[in-house]
Amino acid sequence: MEALKDVRILDMTHVQAGPTCSQLLAWMGADVIKFEPPQGDATRGQLRDVPGADSLYFTMLNCNKRSITVNMKSPEGKTVFVDLIRKCDIMMENFGPGVLDRLGFTWEKIREINPKIVMGSIKGFGSTGPYAEFKAYENVAQAMGGAMSTTGVPDGPPFVTGAQIGDSGTGLHLAIGLLAALHQARRTGKGQYVEVAMMDGVMNLCRVKFRDHQRLQRGSLSEYSVPTYQGMGETPRAGNDSGGGQLGNAIHCKPHGANDWIYVVVQEAVWGALAKRIGPDVGIPNLDTDERFATIGERRKNQQLMWTLLNKFASGYTKREFMAILNPLDVPCGPIMSTEDLATDEHIRGRDMYVELDHPQRGKWFNVGMPIKLSESPAKIERSPLLGEHTDEVLASVLGYDSTKIAGLKTAGAFSAPPKKAA
Ligand SMILES: CC(C)(COP(=O)(O)OP(=O)(O)OC[C@H]1O[C@@H](n2cnc3c(N)ncnc32)[C@H](O)[C@@H]1OP(=O)(O)O)[C@@H](O)C(=O)NCCC(=O)NCCS
């Protein structure tokens, strides 16, 4: 937790994209002050599984942060915000387009208050261009960043991926930008505005699909198992094809349930050993010398038959048994692991990637751990804060407010929602 221990972040982010970023920075030791409206980040109450408790949606994305509630629509709340801006190295937000400007805080205004501050902004489509005014959620970004059109099978609908590349993926991009800008600010004394558009982030993660998009101008894509042709125009959906230089596919195993699959990469170097092992069992004893599969070019051409043979062989084994056969042959492969498989996996537990935490409202729960392992400053994961849990603490310890000042601000409504207008 030492890496970023001298970094203070004013975290105005909500939902998933921004909180992913600030949680990672908190796990690297930053003091992250989650700055919430009086009613809190909307995800606290979304998809609740325990009545009255912060939802897992919130708790899983907001660990190791302190929570302060401030009503930015009151003049007193705005002064607290300005004081915090002066004391922070980074501020970050992922509001809809124009929200901060409407509150009176453009980037120009924020840098005037603290010229050294780095400001991070996530928007669906960035602050420029014809889409700039649109809001976005995960699947909107997947739709518009190229992921959906290239996921699924050609004659089926486009699919979203389970991995949250639009939200969490964008959060990762922002973390990189913020750390780079902070490094520069510490050298130059000058902060800057770091913007990541979700659409851009998804496009970045679809880079190889744009490789294939351009290759289609020169010819077909021989490694694809679905038909492609020169001038096709758009990269097609290609099911479970590997998408790389090596052939790969998902192979169905015993007992043929929803997740009884294993992903196998038929790497150039392993074909001989693999063919020798499976050939006799699928009725082709000389598979390793069979001309239809002798070179990678031939295997690409005849890959449907190759997958049929592998599926035939695998039908006698579970995914773990098949993995045990493939591992000694050095074949890159991996069983399709369900969330239940992962939640109980020894390897995952050993790497602190599924960690048990306690919470005053919900009791025991699990969070996915910190995937970035720093040898000298390992993450220590702590529960998410309750709404406004640290308001007084932050006002006193960060801003130096005394109890009289805090009480006065409270009375003025700086930290609470305005009373409802009479009907
Ligand atoms: C996610 C998103 C669609 C949610 O939309 P939304 O619920 O309408 O929320 P917005 O961010 O547009 O607006 C937040 C409102 O809360 C208000 N608010 C936020 N913090 C506040 C505070 N501390 N005090 C008072 N009001 C506050 C804002 O002023 C704004 O009110 P306004 O509409 O009157 O200007 C939108 O924030 C968005 O597009 N964000 C950028 C893309 C993104 O990150 N999407 C992925 C989320 S995982």
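Note that this is a predicted model, so its numbers are computed, not measured.

A. Quick peek at unusual backbone geometry. The step from Lys254 to Pro255 runs through a cis peptide bond, and the omega angle for that step is 0 degrees. Here Pro255 lies in the loop between strand E7 (247-252) and strand E8 (261-266). One non-glycine residue, Val15, adopts positive backbone phi at about 60 degrees. Among the secondary structure elements, Val15 is positioned in the loop between strand E1 (8-11) and helix H1 (17-27). Of note in the backbone geometry, Asp352 takes a positive phi value of approximately 55 degrees without being a glycine. Mapped onto the elements of the fold, Asp352 is located in the loop between helix H15 (346-350) and strand E10 (354-357).

B. Geometry of the pairing of strand E2 (residues 31-36). Burial of E2 is extensive: 6 of the 6 residues sit out of reach of the surface. Here E1 pairs with E2 via 4 bridges, running parallel. Paired with Arg8 across the bridge in E2 is Asp31. Where E2 meets strand E3 (residues 65-69), 5 bridges bridge the pair, whose relative direction is parallel. When the bridges of E3 are listed, Glu36 appears paired with Thr69.

C. Local environment of the sheet that holds E7. The sheet built from 3 strands is open, its strands ordered E7-E8-E9 with antiparallel pairing. The open sheet has two free edges, formed respectively by E7 and strand E9 (333-335), since each of these has just one partner strand. Across the sheet, the mean angle separating the axes of adjacent strands is 15 degrees when strand polarity is ignored.

D. Molecular detail of the sheet that holds strand E5 (residues 118-123). The strand order across the open sheet formed by 6 strands is E3-E2-E1-E4-E5-E6, and the pairing between neighbours is parallel. In the strand order of this sheet, the two ends are held by E3 and strand E6 (193-197), each with one partner. When the angles between neighbouring strand axes are averaged without regard to direction, this sheet yields 20 degrees. Along the sheet, helix H7 (residues 168-188) contacts strand E4 (90-93), E5 and E6; its crossing angle with E5, the most-contacted strand, is approximately 160 degrees. Along the sheet face, helix H8 (residues 198-205) touches E5 and E6 and points at about 65 degrees away from the line of E6.

E. View of H7. Taking 1.5 Å per residue, 21 residues should reach 30 Å; H7 reaches 30 Å between its end C-alpha atoms and fits that length. Against the buried residues of H7 lie H1, E4, E5, E6 and H8.

Rules used in this analysis
- Residues numbered from 1 in each chain as written.
- Predicted model: local features only at pLDDT ≥ 70, side-chain atom pairs only at ≥ 80, totals over all residues.
- Helix = DSSP H or I, 4+ residues; strand = E, 2+ residues; numbered from the N terminus.
- Buried ≥ 20, exposed ≤ 12 C-beta atoms within 10 Å, placed from the backbone.
- Pairing = 2+ DSSP bridges.
- Axes fitted to C-alpha atoms, helices over the stretch in contact; angles between N-to-C directions.
- Contact = placed C-beta atoms within 7 Å.
- Expected span 1.5 Å × (residues − 1).

Spatial relationships are all this shows, so hold off on functional conclusions.
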